Structure formats: structure tokens, C-alpha cells
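Residue-level structural notes
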Amino acid sequence: MCEELGGDGDLLMEYVESKGSTSLCDITTKSGCNEREIGYIDKMSQKSLDDVSAQLTRLSNMESGSMKPDLKDWLVKRKKILSSFMKKASTEQEL
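Below is a summary of the structure that appears in this document.

About the cut-offs
Residues numbered from 1 in each chain as written. Predicted model: local features only at pLDDT ≥ 70, side-chain atom pairs only at ≥ 80, totals over all residues. Heavy atoms only, no water. Helix = DSSP H or I, 4+ residues; strand = E, 2+ residues; numbered from the N terminus. Disulfide = S-S within 2.5 Å. Buried < 20%, exposed > 50% of the residue type's maximum accessible area, 1.4 Å probe, protein only. Salt bridge = Lys/Arg side-chain N within 4 Å of Asp/Glu carboxyl O. Expected span 1.5 Å × (residues − 1). Arc of directions from axis to C-beta.

In this section: unusual backbone geometry. With the exception of glycine, most residues fall at negative phi, and the peptide bonds are largely trans. Of note in this structure, K30 is not a glycine but carries a positive phi near 65 degrees. Within the secondary structure, K30 sits in the loop between α1 (10–19) and α2 (35–45).

Listed below in C-alpha cells is the structure:
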């Protein structure tokens, strides 16, 4: 499978994230994130928690609609990034 998904590992990581419904992108360190995810993290880190929550709701409502697989993958990645922001905020409030 590694040979089928490329030798550099990028395609393998995309496959694992897509099929496993997971993300290796860390919003704090940005490790495991691609350029598009980093740009989105930078953009959303400037927003209020209410804005992040509203965007998460908007994307959740869009998820059931029909779209191309690559757009669906990007939607799922954005939801995971936004969920990480929400989780991080709730963890910081507990401290």
C-alpha cells in the first residue's frame, strides 16, 4: 500500500486521515498540517470563540449536502480544526 500511495508518505497520510476520519494537524504547533490547513488555522486564530462556533455550525450544516470528494475532505478538515479550537478554549477555561 505504501508504494501505491507514493514513497514520500504524503499520500499515505492523506489516505489515513480521510479513511480514518482523523487529522494529524495540531493547531498549536501546526505539525502535521499542510499549507492550506496552516492558513486556515492562522485565519481562524484571529476570530472570536463565537465566530469559530458559528463557522463550525455552518460547516456542520453543509456536510450533508452533495459535493466533490476533495471539497468534502476540506470541509471535514476545517471542522476538525474548528473543533480543536473549541476544545482548546474549553480546556483553557477550566484552568
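On to the state of the cysteines, then. Per the counting criterion, the structure on display carries 1 disulfide. Across the disulfide from C25 sits C33; the S-S distance is 2.0 Å. What sets the handedness of the C25 and C33 disulfide is the S-S torsion sign, and at about 95 degrees it is right-handed. In this pair, the class of C25 matches that of C33, namely buried.

Now for the pattern of salt bridges. In the structure shown here, the tally under the stated rule is 2 salt bridges. Taking the shortest distance from any N to any O, the salt bridge between K30 and D42 comes out at 2.4 Å. Taken together, the positions of K30 in the loop between α1 and α2 and D42 in helix α2 put the pair 12 residues apart, joining distant regions of the chain. On the basis of relative accessibility, which here comes to 35%, the residue D42 falls in the partly exposed class. In this structure, the salt-bridge partner of K79 is E63, at a minimum N-O distance of 2.5 Å. In this pair, K79 sits in helix α4 (residues 69–94) while E63 sits in the loop between α3 (49–62) and α4, placing the two residues 16 residues apart along the sequence.

For α3, spanning 14 residues, the distance from its first C-alpha to its last is 20 Å, which sits close to the expected 20 Å at 1.5 Å a residue. Of all the positions in α3, only V52, Q55, L56 and L59 are classed as buried. Axial view of α3: buried residues confined to an arc of 105 degrees, hence all on one face. Exposed side of α3, more than 90 degrees from the buried face: D50 and N61 are the residues found there.

Purely geometric numbers; function is a separate question.
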